Amino acid sequence: MASSVRVRFAPSPTGYLHVGGARTAFFNWLYARRHGGAFVLRIEDTDAERSSDDMIAGILDGLRWLGLDWDEGPGIGGPHEPYFQSQRFDRHRAAAAALVAGGHAYYCYCSADRLRQERERADARGEAWQYDRACLSLPSQRIAELEASRAPRAIRFKVPPGQTAFADAVHGRIEFDGAHIEDFVILRSDGHPIYHLSVVVDDVDMRITHVIRGDDHISNTPKHVLLFQALGAPVPRFAHVPLILGADKKRLSKRHGATSVMEYARQGYLPDAMVNFLALLGWSPGDDRELMSRRELVDSFTLEGISGGNAVFDTAKLEWMNGQYIARMPIEELAALVLPLLAREGLWPEHAPADERLRRLIELLRPRAKRLSDFVDQARPFLVDTVEYEPEAIKKHLDVPGLSEHVAVLVRALRETSPFDEQQVETTVRRTAEQQGIKAASLIHAARVAATGRTASPGIFEVLAWLGRDRTVRRLEQLVSFLASQD
Ligand code: GLU
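Residues numbered from 1 in each chain as written. Predicted model: local features only at pLDDT ≥ 70, side-chain atom pairs only at ≥ 80, totals over all residues. Heavy atoms only, no water.

Draft legend 1. Seen up close, the overall build of the protein. Scanning the protein from N- to C-terminus turns up 19 helices and 11 strands. By principal-axis analysis of the C-alpha atoms, the protein measures approximately 110 × 55 × 40 Å. Here the protein holds 487 residues, and the buried ones make up 49% of them. (Helix = DSSP H or I, 4+ residues; strand = E, 2+ residues; numbered from the N terminus. Buried < 20%, exposed > 50% of the residue type's maximum accessible area, 1.4 Å probe, protein only.)

Take a look at the structure:
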């Protein structure tokens, strides 16, 4: 039986999908999938100046990359179309009129000037000003005059007195006093609906049962609860999820590094790792599991598992997690992701499939890779014709007396090594070092510089075996020439 759970992600397209939004979207998605409900995507593009099609496309791309498929929304439609808030203004205006008709809202003719002056006067007294309900009980004669003169009128919600409460799935019971909420505008005098009205009317129309959104909306929720009640609609269950902070405990922002989800895609993070990481930002399965597949996350997700405390975005943990996903990925899948990155750098022919040798290289590099982009960097010396030596490697490993002679002897020994596999290569290198009366490490480091140009690489014997005899010999000979040129 289809469940009645209906949740929504309602981004304002004034920026790309950032990690906070992605986490909110993911929690909604998890909840919908857990309960066999519907995940609705609604674009809240009411701020025409700050919203753009580019941003909308960016948000959709981010959600698709993360694998968060929506059941209703842009691109696929659904029974509650349209899913763009800006196309629903008529609904919002009709609801505002209905609220007036029902006595839950009233026309306000106060000019912006008057409101500003009142606010400034209160400020000067050190008091906060709340709308004084000047228009709540205008005599009908006065209303007739104002209407006759076509005075601009906004619509204000008439906040009922007394206590109202809602049960937040994360924070528990939250109570508020109507006396502290002013009669807020729901429709501007130019006919533009205010966010509080739009969001509630859309949630009612779309039959939303659970509102899972950021903590920054907690202060709006009392107004929303009152609006749901005034509209005669069931109040959805709320779950306000904690903010995401940077390592310095300040709200996550660009200062902390990438905040756009697609930036993580570009940096070589895997969507499965990213969602696993996002899930644990403020939620826990109740045990110490960390690496969890989507299936496991869906099976374990509860709103009660969301913590009230703020979550810290730990990039090192994300890297670690990504490395774990890379380590566990089937090689074919991994190769398919790495290949285009190599091709882009000219390290592999465009559109050529992975061969056995490339797959072995990826295996070789896999244990040290934390991001897909690491493969590109690490694979470079293996896939170019001429290795460039990093200055640090030269300084650290090539300053050994008589090294060029030792390497030349190693070249001769490796020509005779058969089979040219990891084990035999190791035996040859160690035996040569012994014969030459030097430490094996000296020869190993030199061979690493010859083979990769670097101070660090996967196990050198595996590396040489992967290169094969011809390439290994050529690279060692290049090193001999290089050392000669240094003398
Ligand atoms: N559009 C709002 C935002 O992006 C979200 C509204 C909501 O989730 O209720 O902050």
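So much for the structure itself; the text now carries on.
Draft legend 2. Examining the packing of helix α17 (residues 422-436) against helix α19 (residues 460-486) more closely. At a minimum axis separation of 8 Å, α17 and α19 run at an interaxial angle of 115°. In this structure, α17 meets α19 at a crossing whose hand is right-handed. Residues Glu422, Val425, Glu426, Val429 and Arg430 of α17 form the contact with α19, whose participating residues are Phe461, Glu462, Leu464 and Ala465. (Axes fitted to C-alpha atoms, helices over the stretch in contact; angles between N-to-C directions. Left-handed = near helix turned anticlockwise from the far one by under 90°. Contact = heavy atoms within 4.5 Å.)

Draft legend 3. Geometry of the sheet that holds strand β3 (residues 105-108). Pairing is antiparallel in the open sheet, where three strands are placed in the order β3-β4-β7. Each edge of the open sheet carries a strand with a single partner, namely β3 and β7 (185-187). Taken over all neighbouring pairs, the strand axes of this sheet differ in orientation by 45° on average, direction set aside. As paired elements, strand β4 (residues 154-157) and β7 share two bridges and run antiparallel to each other. When the sheet's bridge partners are listed, arginine 156 is paired in β7 with valine 185. (Pairing = 2+ DSSP bridges.)

Draft legend 4. Molecular detail of the pairing of strand β9 (residues 237-241). Taken across its five residues, β9 has four buried, putting it largely inside the fold. Sheet topology places strand β8 (residues 210-214) next to β9; five bridges connect them, and they run parallel. Within β9, the position partnered with histidine 210 by the bridge is arginine 237. In this region the chain leaves β8, passes through helix α7 (residues 221-230) and returns to the parallel neighbour β9; the handedness of that crossover is right-handed. (Right-handed = clockwise from strand over helix to strand, strands pointing away.)

Draft legend 5. Examining the environment of arginine 380 more closely. The topology assignment puts arginine 380 in helix α14 (residues 372-383). Arginine 380 gets classed as partly exposed once you look at its relative accessible area, which sits at 31%. For the pair arginine 380 and valine 235, spaced 145 residues apart in sequence, the C-alpha to C-alpha distance is 58 Å. Non-local contacts of arginine 380, meaning those with residues more than four positions away in its chain, are made with Glu345, Leu347 and Arg454.

Draft legend 6. Spatial organisation of the site of the ligand. As a matter of local geometry, the ligand sits amid Arg8, Ala10, Pro11, Ser12, Glu44, Tyr195, Val199, Arg213 and His217. Arginine 213 places a polar side-chain atom, nitrogen or oxygen, 2.7 Å from an oxygen atom of the ligand. The contact in question runs from an oxygen atom of the ligand to an N or O atom on the side chain of histidine 217, over 2.9 Å. About the coverage of the ligand: the protein hides 80% of its 300 Å² of free accessible area. (Near = heavy atom within 4 Å. Polar contact = N/O pair within 3.5 Å; in protein donor to acceptor, adjacent residues only side chain to side chain. Areas by Shrake-Rupley, 256 points an atom, 1.4 Å probe, with all protein chains shown as cover.)

Draft legend 7. Representation of the packing of helix α13 (residues 356-365) against α19 in the model. Where α13 meets α19, the axes come as close as 9 Å, and the angle between the chain directions of the two elements is 145°. Residues Arg357, Arg360, Leu361 and Leu364 of α13 form the contact with α19, whose own contacting residues are Glu462, Val463, Trp466, Leu467 and Arg471. The residue inventory of the contact of α13 with α19, partitioned by class, reads five nonpolar, no polar and four charged. (Nonpolar A, V, L, I, M, F, W, Y, C, P; charged D, E, K, R; others polar.)

Draft legend 8. Spotlight on α14. Look at α14: 16 Å from first C-alpha to last across 12 residues, which is about the 16 Å you get at 1.5 Å a residue. For α14, the complete set of buried residues consists of Leu372, Phe375, Val376, Gln378, Ala379, Pro381, Phe382 and Leu383. Looking at the buried residues of α14, the elements they touch are α11 (315-328), α12 (331-344), α13, α18 (440-452) and α19. (Expected span 1.5 Å × (residues − 1).)

Draft legend 9. Quick peek at the state of the cysteines. Using the criterion set out here, one finds zero disulfides in the structure. Cysteine 110 takes part in no disulfide bond, and the closest cysteine sulfur to it belongs to cysteine 135, at a distance of 3.6 Å. (Disulfide = S-S within 2.5 Å.)

Draft legend 10. Up close: the side chain of histidine 224. Mapped onto the fold, histidine 224 is located in helix α7. On the basis of relative accessible area, histidine 224 is assigned to the buried category, the value being 1%. A polar atom in the side chain of histidine 224 sits 3.1 Å from the side chain of arginine 213. With residues up to four places along the chain from it excluded, the contact list for histidine 224 reads Tyr195, His196, Val199, Val200 and Arg213.

Draft legend 11. Representation of the pattern of salt bridges in the model. This structure, assessed with the given rule, holds 42 salt bridges. A salt bridge links arginine 33 to aspartate 71, with the nearest nitrogen and oxygen atoms 3.1 Å apart. Of this pair, arginine 33 sits in helix α1 (residues 19-34) while aspartate 71 sits in the loop between α2 (53-66) and α3 (89-101), and the two are 38 residues apart along the sequence. Of the charged contacts in the structure, one is a salt bridge between arginine 88 and aspartate 202, with a shortest N-O distance of 2.9 Å. With a gap of 114 residues between them, arginine 88 in the loop between α2 and α3 and aspartate 202 in helix α6 (residues 195-205) connect regions that are remote in the sequence. According to the relative accessible area criterion, aspartate 202 is buried, its value standing at 0%. (Salt bridge = Lys/Arg side-chain N within 4 Å of Asp/Glu carboxyl O.)

Draft legend 12. Examining the environment of arginine 133 more closely. With respect to the element layout, arginine 133 can be found in the loop between α4 (112-124) and α5 (140-148). Along the backbone, arginine 133 and glutamate 182 are 49 residues apart, and their C-alpha atoms lie at a distance of 8.7 Å. Discounting residues that sit within four places of it in the chain, arginine 133 has contacts with Tyr106, Lys158, Val159 and Asp183. A polar atom in the side chain of arginine 133 sits 2.5 Å from the side chain of aspartate 183.

That is the geometry; function is a separate question.
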